[in-house]
Amino acid sequence: KVQLTRKGKHCCNAMAGTSAKMPVAAMKLLLVRPKVPAPLDPNFTPLILAKKNYLKAVEGSGTFLEWALPRADGVGRYKLPVFADDNANIDASIYLAGVLIQEMMWQRSASELLLSGPTKICEALK
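Here the structure is a predicted model, which means the values were calculated and not measured.

A. A look at the environment of Leu-55. Note that Leu-55 resides in helix α2 (residues 47-58). Owing to a relative accessible area of 33%, Leu-55 belongs among the partly exposed residues under this scheme. Spatially, the C-alpha atom of Leu-55 lies 8.7 Å from that of Leu-80, the residues being 25 residues apart in sequence. Among residues more than four places away in sequence, those in contact with Leu-55 are Leu-80 and Pro-81.

B. Up close: the pairing of strand β3 (residues 74-81). Alignment of strand β2 (residues 64-71) against β3, held across 8 bridges, turns out to be antiparallel. Bridging from a neighbouring strand, Leu-65 pairs with Leu-80 of β3. Between the antiparallel neighbours β2 and β3 lie 2 residues.

C. Local environment of the side chain of Ser-93. Structurally, the position occupied by Ser-93 is in helix α3 (residues 90-108). With relative accessibility at 0%, the residue Ser-93 sits in the buried group. At 2.9 Å, the side chain of Ser-93 forms a polar contact with the backbone nitrogen of Phe-83.

D. Quick look at unusual backbone geometry. In this model, Ser-109 sits at a positive phi of 55 degrees, which is unusual for a non-glycine residue. Residue class for Ser-109 comes out exposed when judged on its relative accessible area of 63%.

Definitions and cut-offs
- Residues numbered from 1 in each chain as written.
- Predicted model: local features only at pLDDT ≥ 70, side-chain atom pairs only at ≥ 80, totals over all residues.
- Heavy atoms only, no water.
- Helix = DSSP H or I, 4+ residues; strand = E, 2+ residues; numbered from the N terminus.
- Buried < 20%, exposed > 50% of the residue type's maximum accessible area, 1.4 Å probe, protein only.
- Contact = heavy atoms within 4.5 Å.
- Pairing = 2+ DSSP bridges.
- Polar contact = N/O pair within 3.5 Å; in protein donor to acceptor, adjacent residues only side chain to side chain.

Written as structure tokens, this is what we have:
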């Protein structure tokens, strides 16, 4: 179990417009274009399609990453199935978890993150 506190900062910079690059394993699973391309951005790849494709690929793994965002009025939680540490697609799990955590922190205005799951993924998300 890893506890992270980032007062006033985002937990991870995967999609924050920084220099973080999407790993090849993540590209293969997460860059899914809609059947009807967006007229203003034909390369648009919505998160919902990425998540759907990822969940299909990771189905049956039996390994999970869980996180909690404690707040004064309660706690936000999420449980994501992830690839095992020795799986070639582990980077897709790390990348998607980072994006989902960041989104949840923005939605819930959280400043603390509690992680529970495979050590490699938790350490990568620090």
